[in-house]
Amino acid sequence: MSEGEISKVLRRIDGRGYKAYKDLAGASELVNGIEVRVTRVQGDPFAPPSVVECRFGKVLPAYFVQDDRLIAVADFLHRRLASLLPKLSLRGVGEGGSGKLSMPHPSPIIIPRSAVEARRKGDVVEFTVRLWAGLPSRRRRILGDDALEMLLERIPKAVSLAVEELSGDNNRLRRHVETWIEQQYIRRTLPKLRLVAFVGDGSILPRKCGGCWEPLDNAVPFESPSSLRVEIELPTGRTIAGMGLPRGLIVIAGPAFHGKTTLAEAIASGVWNHIPGDGRELVVTDESAFYVSSENGRWVSCVDVSSLILSLPGGRSTSCFSTVDASGATSLAASIQEAVEAGAQVIIVDEDEAASNMIHRDHWAEAVTGKRTLNPLSDVAPSMKNEGLSVVIVASGAVPLLAEADSIIVMDEYRARDATNYRFEAKKALKAMGYERGPPYKRPRVRRVVKPLYVEKVKVKGRMIEGKALRDRVDLRPLKQLEEEPQVHTAVRAALAIASKGGVAIAGEAQRLSEMLWKWDYRAITKTPGPDLAYVRPMDIAFVVNRLPGLEASII
Ligand code: ADP
Ligand code: MG
């Protein structure tokens, strides 16, 4: 593309009908060392905005460029730009989204996102910034001068202002990168300490409201019980202390409304690194930890749930279980197996969102029905350890779980207490009852997509997916660990890419796509990324694949 192309096109199409904006697609222009390019053009002033890419190089202090620290640098730049862009929008011009500049606002986690990419090229860091721009018009006539001001003045100005802050003596940037380094280090240290999660002393776990990102004011800061306290010396020079959750079976117990779910949610969110000020900067979890819950009515295709479900009506298969309408118990069993298949080494379950018959065994119920059809977590979770899996389960009173727990944490008045010793009493009680555990846990085998799904017209609306090709809508709210819409959007796009290919192994392909996302590579998903894509894990992608109604899988 030659220089000055955007100005030329705009001069030519000024005053013409809106559709003539299409001529801007692919046009670029160099402004103060920033290459501005229009990559997607909206068809109408009221349609979703156009996408503009800015590319530029910058030399950064070596400290910011080492290892994977550029992810934190890009995240920092993204946050600056997301708040600057609306301020630099053109006000009072035209109709619809005319003149608006924006980017998705990031949640408090630091991950690679398409809004800002940063790559090392020799001594220079090459940045790509993507943003939304509402190309301006009045009565659907192109406002060429306004478009010129947006694209060639305001956008480069926003980028230059944000980039000015990428300097070695910016303490906020330094802290941002430092917190990333610390969390990455803690996560890498977990296996050496044989831990699945670390919850730092002083952490603020609760949020301001359900679904809020901000920490709760005046919360009781977390403090580790002394028996579980571990110290970690960080590469940044300081030593921190907090609760180490050992591998195996971890039961979080305690009275109602005393902070159990809050702790489990913080641990679930600890798979991501959090920004300074979030309160959970020192809550770090094994990155494969996956939160599962019951999902009445979900689609399931050929999942081996035989170690969790002992029998189904009419002798229906449990080793290749399929249904268009799962129950609370069967959906939970399928979700656990799918998560393990996709690489989860830690399963997080909260009694608040799990069918009780899949958590506890009830002898009275068995006596009434005369049947034992489920092998609930109370029975099977202890043997998951033998398969290298850990389970973090919120269950207020479950003797069979307590008896085999590797740690029992009681939340009482928002304070954690180590009640692991209680397991001896639980063991005694079980023995007195003559409790007989069900069969041990069995890992699922991997599956592949049997035949491709036609996915052209599938739409994501908030956390719902719908589309002609799908037999039903899919509710992604249970994909709880995804913090922001771009993650949901990306998980869906990646899942559709997998579903539309017959024969591929779901877990393997999800892994491959997730690795690409970590490196800001969106080619498997789209040719022209907007600013609304973000990193998700293989388990997150597989989660969506497995719930696409109509998708048929088979065991390889
Ligand atoms: P449980 O799962 O034990 O029933 P929750 O985790 O749902 O309890 O917590 C109950 C309430 O207490 C929530 O409104 C939550 O925000 C609040 N809460 C949790 N932890 C703390 C804390 N450390 N300080 C203050 N409030 C808290
Ligand atoms: Mg709860």
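Above this text sits the structure in question.
Given the structure is predicted, the values throughout are model-derived calculations rather than measurements.

How each quantity is defined
- Residues numbered from 1 in each chain as written.
- Chains lettered and ligands numbered in written order.
- Predicted model: local features only at pLDDT ≥ 70, side-chain atom pairs only at ≥ 80, totals over all residues.
- Heavy atoms only, no water.
- Near = heavy atom within 4 Å.
- Polar contact = N/O pair within 3.5 Å; in protein donor to acceptor, adjacent residues only side chain to side chain.
- Areas by Shrake-Rupley, 256 points an atom, 1.4 Å probe, with all protein chains shown as cover.
- 1 Å grid on protein atoms, 1.4 Å probe; cavity = no way out; pocket = protein on both sides within 12 Å on 5 of 7 lines; lining within 4 Å.
- Sits in = over half its atoms within 2 Å of the grid points.
- Nonpolar A, V, L, I, M, F, W, Y, C, P; charged D, E, K, R; others polar.
- Points joined across faces, edges and corners; volume = space filled by probe spheres on them.
- Helix = DSSP H or I, 4+ residues; strand = E, 2+ residues; numbered from the N terminus.
- Domains from an automatic or database assignment.
- Donors = N, O, S within 2.8 Å, 3.2 Å for Na, K, Ca; no water.
- Buried < 20%, exposed > 50% of the residue type's maximum accessible area, 1.4 Å probe, protein only.
- Salt bridge = Lys/Arg side-chain N within 4 Å of Asp/Glu carboxyl O.
- Expected span 1.5 Å × (residues − 1).
- Pairing = 2+ DSSP bridges.
- Axes fitted to C-alpha atoms, helices over the stretch in contact; angles between N-to-C directions.
- Phe/Tyr/Trp six-rings, centres within 6.5 Å; stacked < 30°, edge-to-face > 60°.
- Disulfide = S-S within 2.5 Å.

Trainee: For this particular structure, what's the right way to read the site of ligand 1?
Mentor: Contacts to ligand 1 come from 13 residues, most closely from V220, F257, K260, T261 and T262. Here H258 contributes a backbone N or O atom positioned 3.1 Å from an oxygen atom of ligand 1. Contact distances for ligand 1 include 2.8 Å between an oxygen atom and a side-chain N or O atom of T261. Burial of ligand 1 by the protein chains amounts to 79% of its free accessible area of 560 Å². Put simply, ligand 1 lies in the largest pocket. Residue classes in the shell around ligand 1 are distributed as eight nonpolar, four polar and one charged.

Trainee: Sorry if this is basic, but what is going on with empty space enclosed by the protein here?
Mentor: Take a probe with the size of a water molecule and roll it over the atoms, and the empty space left behind shows itself. Throughout the structure, instances matching the rule amount to two cavities of 30 Å³ or more. Space inside the largest cavity adds up to approximately 50 Å³. In terms of lining residues, the largest cavity is bounded by F290, S335, E338, A339, A342, M539, A542, F543, N546 and R547. For the lining of the largest cavity, the secondary-structure elements that each account for two or more residues are α7 (328–341) and α15 (538–547). Sort the elements by how many residues they give to the lining of the largest cavity and α15 lands first, with five residues. Within the lining of the largest cavity, the residues separate by chemical class into six nonpolar, two polar and two charged. When we break the lining of the largest cavity down by domain, the ones giving at least three residues each are domain 2 (290–433) and domain 3 (447–555). Roughly 30 Å³ of internal volume is contained in the second largest cavity. What lines the second largest cavity is simply I71, A74, D75, H78, I111, P112, R113, V116 and W520. No other element matches the four residues that helix α3 (residues 70–87) contributes to the lining of the second largest cavity.

Trainee: Just to check I follow, could you spell out the coordination of the magnesium ion (ligand 2) for this structure?
Mentor: For a metal with four tetrahedral donors the ideal donor-metal-donor angle is 109.5 degrees, while six octahedral donors give ideal angles of 90 or 180 degrees. Coordination of the magnesium ion (ligand 2) by the protein comes from T261 (OG1) and D352 (OD), over a distance range of 2.0 to 2.1 Å. Residue T261 is found in helix α6 (residues 260–269), and its partner D352 is found in the loop between β19 (346–350) and α8 (356–359); the two are separated by 91 residues along the sequence. Owing to a relative accessible area of 23%, T261 belongs among the partly exposed residues under this scheme.

Trainee: Honestly, the pattern of salt bridges in this entry has me stumped. Any pointers?
Mentor: Under the criterion given, the structure shown has 41 salt bridges. Between D23 and R12 there is a salt bridge, with the nearest N and O atoms lying 3.1 Å from each other. With D23 in the loop between α1 (5–13) and β1 (28–31) and R12 in helix α1, this residue pair connects regions lying eleven residues apart in the sequence. When its relative accessible area of 35% is taken as the criterion, D23 is described as partly exposed. What makes R12 partly exposed here is its relative accessible area of 47%. Shared partners join several salt bridges into a network, and the residues in it are E53, R55, E117, R119 and R130.

Trainee: Help me out: how do you make sense of α3 in this one?
Mentor: Two residues of an α-helix separated by three or four positions point the same way, owing to the 3.6 residues in each turn. With 18 residues, α3 extends 26 Å between its outermost C-alpha atoms, agreeing within 8% with the 26 Å of an ideal straight helix rising 1.5 Å per residue. In terms of residue burial, α3 counts as a mostly covered element, since 14 of its 18 residues are buried.

Trainee: Looking at this structure, I do not really get the sheet that holds strand β11 (residues 229–233). What am I missing?
Mentor: Taking strand neighbours across the sheet as the criterion, the four strands line up as β11-β12-β10-β15 in an open arrangement whose pairing is antiparallel. At either end of the open sheet lies a strand with only one pairing partner, and these are β11 and β15 (283–285). The average angle at which neighbouring strand axes cross in this sheet is 35°, direction not considered. Alignment of β11 against strand β12 (residues 239–246), held across five bridges, turns out to be antiparallel. Residue E233 lies in a different strand from β12, and its bridge partner there is T239.

Trainee: In this structure, what is going on with unusual backbone geometry? I would like to understand it.
Mentor: Working note: non-glycine residues mostly have negative phi, and peptide bonds are mostly trans. Positive phi outside glycine occurs at R194, with the angle close to 55°. Mapped onto the fold, R194 is located in the loop between α5 (171–189) and β10 (195–200). Accessibility expressed as a relative area gives 53% for R194, which makes it exposed. Although it is not a glycine, N218 adopts a positive phi angle of roughly 55°. With respect to the element layout, N218 can be found in the loop between β10 and β11.

Trainee: How should I be thinking about the packing of aromatic side chains in this particular structure?
Mentor: Aromatic ring pairs are defined here through the distance separating the ring centres and the angle between the ring planes. A full pass over the atoms with the stated rule returns seven aromatic pairs. Relative to W518, the ring of W180 has its centre 6.2 Å away and its plane inclined at 25°; by these criteria the two rings are stacked. Of the two residues, W180 sits in helix α5 while W518 sits in helix α14 (residues 506–518), which places them 338 residues apart along the sequence. Overall, the relative accessible area of 29% leaves W518 in the partly exposed class.

Trainee: Whenever I open this one, the state of the cysteines confuses me. Can you help?
Mentor: Enumeration over the complete set of coordinates arrives at two disulfides. Each sulfur of the disulfide joining C209 and C212 lies 1.7 Å from the other. Here the disulfide of C209 and C212 is right-handed, its torsion about the S-S bond being about 60°. According to the relative accessible area criterion, C209 is partly exposed, its value standing at 38%. Residue C302 pairs covalently with C320 via a disulfide, S to S 2.1 Å. Of note, the bridge from C302 to C320 carries an S-S torsion of about -125° and is left-handed in sense. One end of the pair, C302, is in strand β17 (residues 300–303); the other, C320, is in the loop between β17 and β18 (321–323), with 18 residues separating them in the sequence. Numbered by order of appearance in the sequence, the disulfide-linked cysteines of the protein pair as 1-2, 3-4.

Trainee: Mind showing me how you'd approach the layout of surface pockets here?
Mentor: Taken as a whole, the largest pocket encloses approximately 1000 Å³ of empty space. As for the largest pocket, its lining consists of 39 residues, of which R207, G210, T261, T262 and E265 are closest to the centre. For the lining of the largest pocket, the element with the most residues is α6, which contributes eight residues. Here the residues of the lining of the largest pocket are counted per class, giving 19 nonpolar, nine polar and eleven charged. Two domains share the lining of the largest pocket, each providing at least three of its residues, namely domain 2 (290–433) and domain 3 (447–555). Approximately 770 Å³ is the volume attributed to the second largest pocket. Along the walls of the second largest pocket sit 36 residues, with R187, D286, E287, S288 and Q345 positioned nearest its centre. Elements with a contribution of two residues or more to the lining of the second largest pocket: α5, β10, α14 and α15. Its residues assigned to classes, the lining of the second largest pocket comprises 16 nonpolar, ten polar and ten charged.

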